[in-house]
Amino acid sequence: MLSALLLIPFLGALLLLLWPTKAEPGQLRAVAIAVLTTQLLASLLVLLRFDPSESGMQLQESLSWVVSLGLDYRLGVDGLSLPLVLINAGLTLVSAICTRDISQRPRIYFALLLVISGAVNGAFLAENLLLFFLFYELELIPLWALISIWGGANRAYAATKFLIFTAISGMLILGSFLGLALFTGSVDFSLTPVTSETLAMGSQLVLLGAMLVGFGIKIPLFPFHTWLPDAHTQASTPVSVLLAGVLLKLGTYGMLRFGLGLFPEAWAVLAPWLAIWAAISVLYGSLAAIAQQDMKRMVAYSSVGHMGYILLAAAAATPISLLGAVFQMVSHGLISALLFLLVGIVYRKTGTRDLQVLRGLLNPERGLPLTGTLMILGVMASAGLPGMAGFISEFLVFRGSVASFPVATLLAMVGSGLTAVYFLLLVNRAFFGRLAITPPTDPSTDRRLDVQLAPVAPREIVPALALSLLVIGLGLVPSWLSRISESASTALALLPGGLG
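Residues numbered from 1 in each chain as written. Predicted model: local features only at pLDDT ≥ 70, side-chain atom pairs only at ≥ 80, totals over all residues. Heavy atoms only, no water.

Visitor: Looking at this model, I keep getting lost on the overall build of the chain. Mind explaining?
Guide: When you go through the chain residue by residue, the secondary structure sums to 18 helices and four strands. The globule rule puts the C-alpha radius of gyration for 500 residues at 23 Å, and the 22 Å found for the chain is close to it. For the C-alpha atoms alone, the extent of the chain along its principal axes is close to 80 × 60 × 40 Å. In the chain, the share of contacts with a sequence separation of at least 24, taken over all contacts with a separation of at least 6, comes to 80%. The chain carries 26 positive and 23 negative side-chain charges, and their two centres are separated by 12 Å. (Helix = DSSP H or I, 4+ residues; strand = E, 2+ residues; numbered from the N terminus. Rg over C-alpha atoms; globule rule 2.2 N^0.38 Å. Contact = heavy atoms within 4.5 Å. Lys, Arg positive; Asp, Glu negative; His and termini not counted. Charge placed at Lys NZ, Arg CZ, Asp CG, Glu CD.)

Written as structure tokens, this is what we have:
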């Protein structure tokens, strides 16, 4: 069953590449949507067969592959990986649905989307370190191509920067995995926690440090974040949805599964420093977002801050904080995808994302009232207002971390308050006031203020509505997620030698 989550998107990509040469973009898009819908149904079937009371891996599949290298095809799912598999299936489908006007190489575009989705599933399900690395690297080139071919004016620079940073990330992670085999004298790359009895603490700290930097680049955390705003700014809306909602979670998942999971004793030693790193990343991301004039760059910098909450939760490594980390990964995936979708709608209708230019988009007659309403909902969720997914995740993170790291948690809470500041700036500047898409001028003489925006078609807004309902639903009924992940997060917190 787990292999089906890999085969469906990979075979779908092959089908698109072999599709008749005269296929229209709409036909290729329909095929991609059908394949991704099948993948979502398969993911839901895994959910139905999943036993939430079990903390270990379930539905396992194992096949010897390259025994001499320790590379085995081993898949499994638990409460940490299953929510991310579901998010991957849902948001990749959303990306395909909201893709419009792809006339340039549509066959390759949709095939790359499917390859990325299959690779991400493989990374989340892999129980072998080398197998995880293979899938981790497999999504690199397709995403680079999606940015460099279908991106904005400076797409080459942004794509190259992304490629360099993430290639360095992969090198550090692979080096850590290979170093583990070298220091222990074993080619066993299974998910087995390392203790002082098997490896000296100094060696553990070196390997864990390399892994933290590697995954820190992918997340990304300050100061390794600089590739993210450029990538988001130049990427198309569907690619930004996929990047923020799914691909960044490879870094946070890897940090929890392999950083904390493999080196619980070394993690306990570095935990105070990780908490400081988390607080700095949260504050930096929030302050940088306040300074932005481009709506998309503002949302991108908000991701840097919100990913810091996950590092704080992981540093504390309590059952509550780790459950909060899972909630934060899911809620951030939904909320960031929603915000990027709405920013994309604004850009398509107005031709700009500049907060110095846009005003009054909430106008009920000539503006984008539904888009503005959903944007207000999205920023409220991101700011952690009660009744929405963002509140649940932040509350769990802060509640689980405050006893271990009170100062770092307090600073992260300040960053949460700053989230409300920069998103209120966005909403106030772009959606309130008199409708305009020009720099401020004299309303009595400038006729350019008389704007009539094209209405938003239902097919454009339906994905955003669906995400909004999920954000509210998860905020009102958090047991949907906690029931799945609580056993796994508790088991991770209670690893021998850890902080839990």
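Visitor: What is the right way to look at a nonpolar patch on the surface in this model?
Guide: Together, Leu 7, Leu 11, Leu 14, Leu 17, Leu 18 and Ile 108 make up a nonpolar patch on the protein surface, roughly 580 Å² of accessible area in all. Sort the elements by how many residues they give to the nonpolar patch and helix H1 (residues 2-17) lands first, with four residues. For Leu 17, the location among the structural elements is in helix H1. (Patch = residues over 30% accessible without salt bridge, like charges linked within 9 Å, V, L, I, M, F, W, Y side chains within 5 Å. Areas by Shrake-Rupley, 256 points an atom, 1.4 Å probe, with all protein chains shown as cover. Salt bridge = Lys/Arg side-chain N within 4 Å of Asp/Glu carboxyl O.)

Visitor: Help me understand the packing of aromatic side chains in this model?
Guide: Geometry of an aromatic ring pair is reported as the spacing of the ring centres plus the angle between the planes. Tallying each qualifying case throughout the model produces 17 aromatic pairs. Between Tyr 253 and Phe 258, the aromatic rings sit 6.4 Å apart at their centres with planes inclined by 90 degrees, giving edge-to-face as the arrangement. On the accessibility criterion, Tyr 253 (0% relative accessible area) is buried. The exposure class of Phe 258 is buried, given its relative accessible area of 0%. By the ring-pair criterion, three or more aromatic residues cluster together here, those being Phe 124, Phe 132, Tyr 136, Phe 177, Phe 215, Tyr 253 and Phe 258. Positioned above the aromatic ring of Tyr 136 is the side chain of Lys 218, whose terminal nitrogen or guanidinium carbon lies 5.3 Å from the ring centre. Over the ring of Tyr 347 we find Arg 353, and its NZ or CZ is 4.9 Å from the ring centre. (Phe/Tyr/Trp six-rings, centres within 6.5 Å; stacked < 30°, edge-to-face > 60°. Buried < 20%, exposed > 50% of the residue type's maximum accessible area, 1.4 Å probe, protein only. Lys NZ or Arg CZ within 6 Å of the ring centre and 35° of its normal.)

Visitor: Is there a simple way to explain the environment of Arg 49 in this structure?
Guide: Mapped onto the secondary structure, Arg 49 falls in helix H2 (residues 25-49). Note: C-alpha distance between Arg 49 and Ala 288 (239 residues apart in sequence) is 44 Å. When neighbours within four sequence positions are excluded, Arg 49 is seen to be in contact with Met 1, Gln 58 and Leu 59.

Visitor: What is the right way to read the side chain of Thr 419 from this model?
Guide: Mapped onto the fold, Thr 419 is located in helix H16 (residues 406-431). By relative accessible area, Thr 419 is classed as buried at 1%. A distance of 3.5 Å separates polar atoms of two side chains, one belonging to Thr 419 and the other to Tyr 422. (Polar contact = N/O pair within 3.5 Å; in protein donor to acceptor, adjacent residues only side chain to side chain.)

Visitor: Explain the pairing of strand E2 (residues 71-77) to me, please; I cannot follow it from the model alone.
Guide: When a strand is regular, its side chains alternate between the sheet's two faces. Burial of E2 is extensive: five of the seven residues sit out of reach of the surface. As defined by bridge partners, strand E1 (residues 58-66) adjoins E2 across six bridges and the pair is classed as antiparallel. Bridge pairing in E2 places Leu 63 opposite Tyr 73. Connecting the antiparallel pair E1 and E2 is a turn made up of four residues, with Gly 70 showing a positive phi of about 80 degrees. (Pairing = 2+ DSSP bridges.)

Visitor: I'm lost on the packing of helix H5 (residues 129-138) against helix H10 (residues 237-262) in this one. Help?
Guide: The description of two packed helices rests on the angle between their axes and on the distance between the axes. Taken N-terminus to C-terminus, the directions of H5 and H10 make an angle of 165 degrees; their axes are 13 Å apart at the nearest point. Considering their axes alone, H5 and H10 lie roughly antiparallel with respect to each other. In the packing of H5 onto H10, the handedness of the crossing is left-handed. Here H5 contributes Leu 129, Phe 132 and Tyr 136 to the contact with H10, which in turn contributes Leu 250, Tyr 253, Phe 258 and Leu 262. Taken together, the residues of the contact of H5 with H10 sort by class into seven nonpolar, no polar and no charged. (Axes fitted to C-alpha atoms, helices over the stretch in contact; angles between N-to-C directions. Parallel < 35°, antiparallel > 145°, perpendicular 65-115°, else oblique. Left-handed = near helix turned anticlockwise from the far one by under 90°. Nonpolar A, V, L, I, M, F, W, Y, C, P; charged D, E, K, R; others polar.)

Visitor: What's the story with H1 in this structure? I'm lost.
Guide: The α-helix advances 3.6 residues per turn, and as a result positions three or four apart in sequence lie on the same side. The terminal C-alpha atoms of H1, which comprises 16 residues, lie 24 Å apart, in line with the 22 Å expected from a rise of 1.5 Å per residue. If you check which residues of H1 are buried, you get Leu 2, Ser 3, Leu 5, Leu 6, Pro 9, Gly 12, Ala 13 and Leu 16. Close packing links the buried residues of H1 with H2, E1, E2, helix H3 (82-97), helix H4 (106-125) and H5. (Expected span 1.5 Å × (residues − 1).)

Visitor: Quick question: what am I supposed to make of the pattern of salt bridges here?
Guide: Side-chain pairing between opposite charges can occur once the charged atoms of the two side chains come close. Tallied over the entire structure, the rule returns seven salt bridges. Arg 353 is the partner of Asp 294 in a salt bridge, and the nearest nitrogen-oxygen pair spans 3.1 Å. Here Asp 294 is found in the loop between helix H11 (264-290) and helix H12 (295-316), whereas its partner Arg 353 is found in the loop between helix H13 (319-350) and strand E3 (358-359), with 59 residues between them in sequence. No difference in accessibility class separates Asp 294 from Arg 353, as the two residues are buried. Note that Glu 460 and Lys 349 form a salt bridge whose closest N and O atoms lie 3.4 Å from each other. Note that Glu 460 is positioned in helix H17 (residues 458-476) and Lys 349 in helix H13, a separation of 111 residues in sequence. The structure contains a network of salt bridges with shared partners spanning Lys 161, Asp 230 and Arg 297.

Visitor: Explanation requested: unusual backbone geometry in the structure shown.
Guide: Across the chain, the bulk of peptide bonds are trans and the bulk of non-glycine residues have phi less than zero. Omega for the bond connecting Ile 219 with Pro 220 falls within 30 degrees of zero, at -10 degrees, which places this linkage in the cis form. When you line up the elements, Pro 220 lands in the loop between helix H8 (201-218) and helix H9 (227-234). With an omega of 5 degrees, the peptide bond between Phe 222 and Pro 223 qualifies as cis. Take Pro 223: it is sitting in the loop between H8 and H9. Positive phi, normally seen in glycine, also occurs at Leu 59, with a value near 55 degrees. The residue Leu 59 is located in strand E1 in this model. Even without being a glycine, Ala 317 presents a positive backbone phi close to 55 degrees. Inspection of the secondary structure puts Ala 317 in the loop between H12 and H13. The class for Ala 317 is buried, based on a relative accessible area of 1%.

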